[in-house]
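# Structural description and commentary
If you want the building blocks of each chain, they are given just below.
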Amino acid sequence: MSDKVVAELHEPTPAVGDGGPDMIQLLTPEGERLSHPDYDKYVADLTPDDLRSFYRDLVLIRRLDAEGYALQRQGELGLWPSLLGQEAAQVGSGRALKPHDMCFPTYREHGVGFVRGMDPQSSLQLFRGVSQGGWDPRDHNFHLYTIVIGAQTLHATGYAMGVKMDGNVGTGDPERDTAVICYFGDGASAQGDVNEAFVYAASFDAPVVFFCQNNQWAISEPVSKQTRIPLFQRARGFGFPGMRVDGNDVLATYAVTQHCLDEARNGNGPLLIEAFTYRMGAHTTADDPTKYRVSAEVEQWKFRDPIQRLKTYLSREGWADDVFFTGVDEEADSFAAELRQGCITMATPPGETMWDHIYAEEHPVMEAERAAFLAYQASFEEAK
Amino acid sequence: MALEKVTLGKSLTSGLRKAMEKDPKVVLIGEDIGKLGGVFRITEGLQKDFGEERVIDSPLAESGIVGTAVGLALRGYRPVCEIQFDGFVYPAFDQIVSQVAKMRARSLGAITMPIVIRIPFGGGIGSPEHHSESPEAYFAHTAGLRVVSCSNPEDAHWMIQQAIECDDPVMFFEPKRRYHDRGEYDTAAAEAPRGLFEANVIREGTDVTLLGYGPVVKTMLESAAAAETEGTSIEVIDLRSLSPLPIDTIVSSVRKTGRLVVVHEASSFLGMAAEISSQVTEQCFYELEAPVVRVGGANIPYPPSRMEEDFLPDLDRILDGVDRALSF
């Protein structure tokens, strides 16, 4: 290798950049619509109504997130992982999915769950501590949250292998061909499981789209700690396409995800999308980002806000006015009030239900321990 | 009736074959299990008959084997994973303990994880490091998993089918140094002789109960035969199920004999015998004539193979344990 190549390889990836020339963008931070030869077609059919509903989703999930944060601070939730700043990455990708596509989230995809039709209360159960998940993944083809970083990428890959074994790839029937999307972050890209998932998915031509939200920070570690090269370029080493999209641009994310899902459904999977975005808040409510990053960086990203740019675009085109925007804000207020009410009235299950659902079939230890627990509890009643 | 003398390995093969014939959702996944039939040839001929989609040669990554099996199970398949050797299971430990074991509870029972993870285990084959371990206690310690081990051909044939039919994840430990041992059974039988999670009293006796699983069962039977010539009557129990523990069978035997010796190749510190000893002591305190004796591997990493004879519980060490129990 030439000295220049070696020097380039050793150039550390900046923690915060503008995404570089490879980043696909359809809506600038100033709300201007850019044309793209490959991706315009995926947004060409969007009506002003559609765009307004994108805006509504973005606002509602930001409010969902703010409410989660507040509920944690008030002691109603044990922890809350914020999605602030990542709304467009989640709404754009989530809305590109078809109902029969399958989705594997991390623990931060409250926005994807929302656009999949999940009851917003669902994502609170885990953080309130009343269940470790608590929903049937088949109801909205939205898998349970996975907390061990990157573990779900293998589940998504296996599921996609199953889709292919079922013959639901490349038939040309849009009701049948199925894609799988798997979310993970820049931190997870260092995990063995994620790399194994890339190998398996490639080896079995699995119809899976790996969707990496590069929010620049894995708790306190910048993305430069995880990778020397831009993350989307990793895909090439595994033998499949990778692309970087502006994760704060809901239109570009929607377009690129649609493209990749189509490719997967047609049998050209796997693919990798790196959604270039930013974690505006802390990693979770237990984190303190002032200890490791400068506020100037956060300020810089405020100019790339995903909601503001769509709002500017809608206003400029005359597709939405203050009445609409105020209406969405009011809807968000009542949505938040309902969410809050649902959270604080969410009941703690009785202790004896701890032994339920561990096994599908009869298990003597579960039954004996549950009975012993109930007898122990009853002994206090008798003592009264 | 078709009495045949078959090896334990071939009995596993025929069991897998029957399970695959019965249920098209049963798929096998593991390293080298296709054309080669696995390093122990347990899946020999299955890829030829069932195709590459049902007998899947996996990339060389154990976490991937188990992690993709989780996804396949979510899609409605019943994956049977092969981990090539006991000491290679640890890269998959997170997927087994944090995902396979907990997924059902996480969904409040909405989904099941009918996954079987086959692991050839134990020593005595002269192999280098990581090829002779007995990691079963890690998994028995983990709620959400079931753990079983077969010791003879007939059980191998039936237990693998029962494990595949089970809606819970089953860790299936195969005694690799017994793969070539033969046993006679009715290969045309329509039903399993006993349930998957039941212990089997394979020799009745009155003086001491000898309990173990997997590769040491044969050694226990030899020990009991040797003891008989010296006038000691030993009851031998093949545990078969490590989790859940068929404690009732153990307790009724100990109530009869008053003495229990538990044998396994795994290190005795916090091994299966420690839990069994504790439970038996709780339930049989007044019937016990002696403390429960453990005959296990030493509390060291598995030794180099030229020294393994000194590590593994053999006939003499088992009889020494029996003598210790009788000395009280």
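Residues numbered from 1 in each chain as written. Chains lettered and ligands numbered in written order. Predicted model: local features only at pLDDT ≥ 70, side-chain atom pairs only at ≥ 80, totals over all residues.

## Considering the overall build of chain A
Assigned secondary structure in chain A consists of 13 helices and 7 strands. A compact globule built from 384 residues should have a C-alpha radius of gyration of about 21 Å, and chain A, at 22 Å, falls within 12% of that. Judged by the C-alpha coordinates and their principal axes, chain A covers about 80 × 50 × 50 Å. Relative to its 384 residues, chain A shows a buried fraction of 46%. Nonlocal contacts in chain A, meaning residues at least 24 apart in sequence, comprise 77% of its contacts between residues at least 6 apart. (Helix = DSSP H or I, 4+ residues; strand = E, 2+ residues; numbered from the N terminus. Rg over C-alpha atoms; globule rule 2.2 N^0.38 Å. Buried ≥ 20, exposed ≤ 12 C-beta atoms within 10 Å, placed from the backbone. Contact = placed C-beta atoms within 7 Å.)

## Here's the deal with the overall build of chain B
Within chain B, the regular secondary structure consists of 12 helices and 14 strands. Against the globule reference of 20 Å for 328 residues, chain B gives a C-alpha radius of gyration of 19 Å, in line with a compact fold. Taken across its 328 residues, chain B has 55% of its residues classed as buried. Counting contacts in chain B only where the partners sit at least 6 residues apart, residues at least 24 apart contribute 80% of the total.

## Notes on the domain arrangement of chain B
Residue and element names in this part refer to chain B. Examined at the domain level, chain B breaks down into domain 1 (3-186) and domain 2 (200-326). Put simply, the middle of domain 1 and the middle of domain 2, counted by C-alpha atoms, are 26 Å apart. Listed per partner, the contact involves 24 residues of domain 1 and 22 residues of domain 2. Per-element accounting of the side of domain 1 that touches domain 2 gives the leading share, 4 residues, to strand β6 (residues 146-149). Partitioning the side of domain 1 that touches domain 2 into residue classes produces 8 nonpolar, 9 polar and 7 charged. (Domains from an automatic or database assignment. Nonpolar A, V, L, I, M, F, W, Y, C, P; charged D, E, K, R; others polar.)

## Quick look at the confidence of the model for chain A
In the predicted model, chain A carries a mean pLDDT of 94, and 96% of its residues have values of at least 70. Counting contacts from residues 9-15 of chain A, a segment whose pLDDT is below 50, to residues more than four positions away or on other chains yields 12 contacts. (pLDDT = per-residue confidence, 0-100.)

## Some details on the packing of helix α2 (residues 48-73) of chain A against helix α3 (residues 87-96) of chain A
Residue and element names in this part refer to chain A. One can describe the packing of α2 onto α3 by two numbers: an axis separation of 10 Å at closest approach and a directional angle of 130°. What the angle tells us is that α2 and α3 run oblique. When the axes of α2 and α3 are compared, the crossing they make is right-handed. From α2, Phe 54, Asp 57, Leu 58, Ile 61 and Arg 62 reach across to α3, where they touch Glu 87, Ala 88, Gln 90 and Val 91. Residues that form the contact of α2 with α3 fall into these classes: 5 nonpolar, 1 polar and 3 charged. (Axes fitted to C-alpha atoms, helices over the stretch in contact; angles between N-to-C directions. Parallel < 35°, antiparallel > 145°, perpendicular 65-115°, else oblique. Left-handed = near helix turned anticlockwise from the far one by under 90°.)

## Examining the nonpolar core
All names here are of chain A. Core analysis: the biggest nonpolar cluster contains 187 residues, and Val 180, Val 209 and Ile 273 have the highest contact counts within it. Ranked by residue count, the leading element in this core is helix α9 (residues 250-265), at 9 residues. Among all residues touching Val 209, those that are not within four sequence positions of it are Ala 179, Ile 181, Cys 260, Leu 261, Ala 264, Gly 269, Pro 270, Leu 271 and Ile 273. (Core = buried A, V, L, I, M, F, W, Y, C linked by C-beta atoms within 7 Å.)

## A few points about the interface of chain B and chain A
Taken together, the contact pairs 33 residues of chain B with 35 residues of chain A. When contributions to the side of chain B that touches chain A are tallied by element, the ones reaching two or more residues are α3 (62-74), α4 (93-100) and α5 (103-106) of chain B. Top element by residues in the side of chain B that touches chain A is α3(B). It accounts for 9 residues. Here the residues of the side of chain B that touches chain A sort into 14 nonpolar, 12 polar and 7 charged.

## Some points on the sheet that holds strand β11 (residues 234-238) of chain B
Residue and element names in this part refer to chain B. One open sheet holds the 5 strands; their spatial order is β9-β11-β10-β13-β14, and the pairing between them is mixed. At either margin of the open sheet sits one strand with a lone partner, and together these are β9 (200-203) and β14 (293-297). The average undirected angle you get between the axes of adjacent strands in this sheet is 25°. Across 4 bridges, the pairing between strand β13 (residues 260-267) and β14 is parallel. Its bridge partner lying in β14, Val 261 is registered against Val 293. The sheet contacts of helix α10 (residues 272-284) involve β10 (208-212), β13 and β14, and relative to β13 the element is tilted by about 155°. (Pairing = 2+ DSSP bridges.)

## Points about the sheet that holds strand β5 (residues 116-121) of chain B
All names here are of chain B. Spatial ordering of the open sheet is given by β3-β2-β4-β5-β7-β6-β12, a layout of 7 strands whose pairing is mixed. Unpaired on one side and paired on the other, β3 (55-57) and β12 (241-243) mark the two borders of the sheet. Strand after strand, the sheet turns through a mean of 20° between neighbouring axes, direction not considered. Pairing of strand β2 (residues 26-30) with strand β4 (residues 78-82), which is carried by 5 bridges, proceeds in the parallel orientation. Residue Val 26 lies in a different strand from β4, and its bridge partner there is Arg 78.

## Comments concerning the domain arrangement of chain A
By domain assignment, chain A separates into domain 1 (3-349) and domain 2 (352-383). Relative placement of domain 1 of chain A and domain 2 of chain A: their C-alpha centres are 41 Å apart.

## Observations regarding α10(B)
All names here are of chain B. Between the first and last C-alpha of α10 there are 18 Å, a value that for 13 residues agrees with the 18 Å anticipated at 1.5 Å per step. All of the buried residues along α10 are Met 272, Ala 273, Ile 276 and Val 280. Viewed end-on, α10 has its buried residues packed into an arc of 85°, placing them on one side of the element. Residues Ser 278 and Glu 282 are exposed on α10 and point more than 90 degrees away from its buried face. Packed against the buried residues of α10 are α6 (136-140), β10, β12, α9 (247-257), β13 and β14. (Expected span 1.5 Å × (residues − 1). Arc of directions from axis to C-beta.)

## Some points on the packing of helix α1 (residues 8-22) of chain B against helix α7 (residues 153-165) of chain B
Residue and element names in this part refer to chain B. Contact geometry for α1 and α7: axes closest at 7 Å, N-to-C directions at 30°. Judged on the interaxial angle alone, α7 and α1 are roughly parallel. Crossing of α1 against α7: the hand is right-handed. Residues Leu 8, Ser 11, Leu 12, Ser 14, Gly 15, Leu 16, Lys 18 and Ala 19 of α1 form the contact with α7, whose own contacting residues are Pro 153, Glu 154, Ala 156, His 157, Trp 158, Ile 160, Gln 161 and Ile 164. Its residues assigned to classes, the contact of α1 with α7 comprises 9 nonpolar, 5 polar and 2 charged.

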